[in-house]
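Survey of secondary and tertiary structure
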Amino acid sequence: MAARGESAFRAKQVVEWIYGKRVQDFADMTNLKPALREALAGEFRLDPVLPTNQQGSSDTTRKFLFKLARDGRYIETVLIPASPGLYGDQADRLTLCVSSQVGCAFDCKFCASGLAGLTRNLDAGEIVGQVIEAERIAQDRVDNIVFMGMGEPLANFANLTKAITIINAHWGIGIGARHITVSTSGLAPQIEKLADFEVPVRLAISLHGASDEVRERIMPVNRKYPLDRLFEALRYWSTRKKQKITFEFILIEGVNDSLEQAELLARRSRPLGAKVNLIPYNTVEGLPWKRPSVGRQEAFFRVLQGHGIPCTLRREKGHDIAAACGQLRLKQETAEGIVEAPVKA
Ligand code: SAH
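Structure report, in brief. The structure displayed is predicted, hence computed values, not measured ones.

Surrounding the ligand, one finds 20 residues, the nearest of these being G151, S183, S206, H208 and N282. H208 places a side-chain nitrogen or oxygen 2.5 Å from an oxygen atom of the ligand. Here the ligand, which alone exposes 530 Å², has 92% of that area covered by the protein. Going through the elements one at a time, β8 (180-184) and β10 (246-251) are the ones with two or more residues in the shell around the ligand.

Pasting the structure below:
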């Protein structure tokens, strides 16, 4: 507005229309002069993510496939009803899982998002747009945001932090920092940068292996940032933030589900006071990995419990709607011929 020779008050008005009244058309901004509305409409768009086929799920998890207005690519956003004790507080009714990139460059061996590689970063508008669009469809407010959709949020740091600022701001979406969780595959230097970022968000680490040997097999990023380096960053995080770190640990049969891994995981969690979320693996078509039996999941869980580590064993949600990271978008883009069907040995 300053560049247009408009007063700061005009900026306030536009922000109120976008985040307060949630209009999607500059023409609706009736307290702006028509000439200003037209000029803004010529330069910006207010609908960065477009709804497509909305998936339902028997367990009331709802998965949205959004089309990006800018280039027609697809991203996934998942709305999850009350999951007590998962990431936010017990009282959180609605958690929204948002994407940060189209595809992903990190190539975790179990994950559908990285199967076709990275296409591009989402801009801040496309990240915030997922929240606005999900709230519009659900006709409800989201309590909790988790960056656990497609992509590696810390590889898109500038747009991530800009989006978090808007999501957190009282003039924006107004979600408290403790209700925003950034999940990462373990980019150590960026974890340290995020520790210094002014909005005190929560941190979740996709650990999935409690030794370098096991983690390296399924997460190539571990070669760049082995566990020693990762934990150095986590100790730095702990000196800067009061909130406890969460370790996510997907249980994959015969890969990381041994009781020895559970012991190692407990040993790594204790000094940080970290919480552990055990997640039975969501099978991905074309990938060979399986979830362990419930008995084996529970045995793993009991080892952590025995060590007094705060731990949850997640009941699956959304398996019937291909809600595992990246699955739905892959189906859509394969059908449209945007990406080739993944072939994995
Ligand atoms: N790149 C970030 C955030 C996106 S992935 C990260 O790695 O944390 C969000 C979570 O979903 C991660 O913990 C990831 O490991 C997990 N995930 C990916 N594919 C999965 C699958 N098939 N089943 C269960 N969890 C999966």
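So, next bit.
Packing of helix α9 (residues 259-269) against helix α10 (residues 294-306) leaves a shortest axis separation of 9 Å and a crossing angle of 30 degrees. Compared by their axis directions, α9 and α10 come out roughly parallel. Crossing handedness for the pair α9 and α10: right-handed. When α9 is examined against α10, the residues L259, Q261, A262, E263, L265 and A266 are found in contact with a partner set consisting of A299, F300, V303 and L304. Looking at side-chain class alone, the contact of α9 with α10 contains 8 nonpolar, 1 polar and 1 charged residues.

For α10, built from 13 residues, the straight-helix expectation of 18 Å at 1.5 Å per residue is met to within 8% by its first-to-last C-alpha distance of 18 Å. Residues of α10 that are buried include every one of Q297, F300, F301, V303 and L304, and no others. Each buried residue of α10 lies within a common arc of 150 degrees when the element is viewed along its axis, so the set occupies one face. Looking at α10, the residues exposed on the side facing more than 90 degrees away from the buried face are V294 and G306. Elements in contact with the buried residues of α10: β10, α9, β11 (275-280) and β12 (311-313). Trailing α10 by a residue or two, G308 shows a phi angle of about 75 degrees, which is positive.

When you line up the elements, Q130 lands in helix α3 (residues 124-138). Through-space distance from the C-alpha of Q130 to that of C97 is 9.2 Å; in sequence the pair is 33 residues apart. Excluding residues that lie within four positions of it along the chain, Q130 makes contacts with V49, F66, I75, E76, T77, L96, V98, S99 and L122.

Here we take up the packing of aromatic side chains. A complete count under the given rule lists 4 aromatic pairs for this structure. With a centroid separation of 5.9 Å and an interplanar angle of 55 degrees, the aromatic rings of Y19 and W171 are classed as tilted. Linking Y19 in helix α1 (residues 8-20) with W171 in the loop between α4 (157-168) and β8, this pair joins segments that are 152 residues apart in sequence. The exposure class assigned to W171 is partly exposed, which follows from its relative accessible area of 39%. Ring plane angle 15 degrees and centroid distance 5.6 Å describe the contact between F64 and F66, whose orientation is recorded as stacked.

Time to look at the environment of N222. Of note, N222 is situated in helix α7 (residues 221-224). A relative accessible area of 0% places N222 in the buried class. Considering only alpha carbons, one finds N222 and S185, 37 residues apart in sequence, at a separation of 8.6 Å. When near neighbours in sequence (up to four residues on either side) are disregarded, N222 contacts D212, R215, E216 and L227. At 3.0 Å, the side chain of N222 forms a polar contact with the side chain of R215.

One finds F110, I145, F147, L234, F247, L265 and L278 to be the most contacted residues of the largest nonpolar core, which totals 96 residues. Inspection of this core shows a minimum of three residues originating in each of domain 1 (1-46) and domain 2 (55-335). Those residues in contact with L234, other than ones at most four positions away along the chain, are I191, L203, I205, I245, F247 and L272. If you look at the next biggest cluster of nonpolar residues, it comprises 6 residues, including V78, I80, V146 and A204.

Here we take up α1. Helical geometry: 3.6 residues make up each α-helical turn, so side chains three or four residues apart lie on a common side. For α1, built from 13 residues, the straight-helix expectation of 18 Å at 1.5 Å per residue is met to within 8% by its first-to-last C-alpha distance of 17 Å. Along its buried surface, α1 packs onto α2 (34-43), α3 and α4. Within two residues after α1, R22 carries a phi angle of roughly 60 degrees, on the positive side.

This part is about the pairing of strand β2 (residues 62-68). The buried count for β2 comes to 5 of 7 residues, which makes it a mostly enclosed element. As paired elements, β2 and strand β3 (residues 74-81) share 6 bridges and run antiparallel to each other. From the neighbouring strand, R62 faces β3, where its bridge partner is L79. Joining the antiparallel neighbours β2 and β3 is a turn of 5 residues, in which G72 adopts a positive phi near 75 degrees.

Cut-offs applied
- Residues numbered from 1 in each chain as written.
- Predicted model: local features only at pLDDT ≥ 70, side-chain atom pairs only at ≥ 80, totals over all residues.
- Heavy atoms only, no water.
- Near = heavy atom within 4 Å.
- Polar contact = N/O pair within 3.5 Å; in protein donor to acceptor, adjacent residues only side chain to side chain.
- Areas by Shrake-Rupley, 256 points an atom, 1.4 Å probe, with all protein chains shown as cover.
- Helix = DSSP H or I, 4+ residues; strand = E, 2+ residues; numbered from the N terminus.
- Axes fitted to C-alpha atoms, helices over the stretch in contact; angles between N-to-C directions.
- Parallel < 35°, antiparallel > 145°, perpendicular 65-115°, else oblique.
- Left-handed = near helix turned anticlockwise from the far one by under 90°.
- Contact = heavy atoms within 4.5 Å.
- Nonpolar A, V, L, I, M, F, W, Y, C, P; charged D, E, K, R; others polar.
- Expected span 1.5 Å × (residues − 1).
- Buried < 20%, exposed > 50% of the residue type's maximum accessible area, 1.4 Å probe, protein only.
- Arc of directions from axis to C-beta.
- Phe/Tyr/Trp six-rings, centres within 6.5 Å; stacked < 30°, edge-to-face > 60°.
- Core = buried A, V, L, I, M, F, W, Y, C linked by side-chain atoms within 4.5 Å.
- Domains from an automatic or database assignment.
- Pairing = 2+ DSSP bridges.

By themselves these figures say nothing about function.
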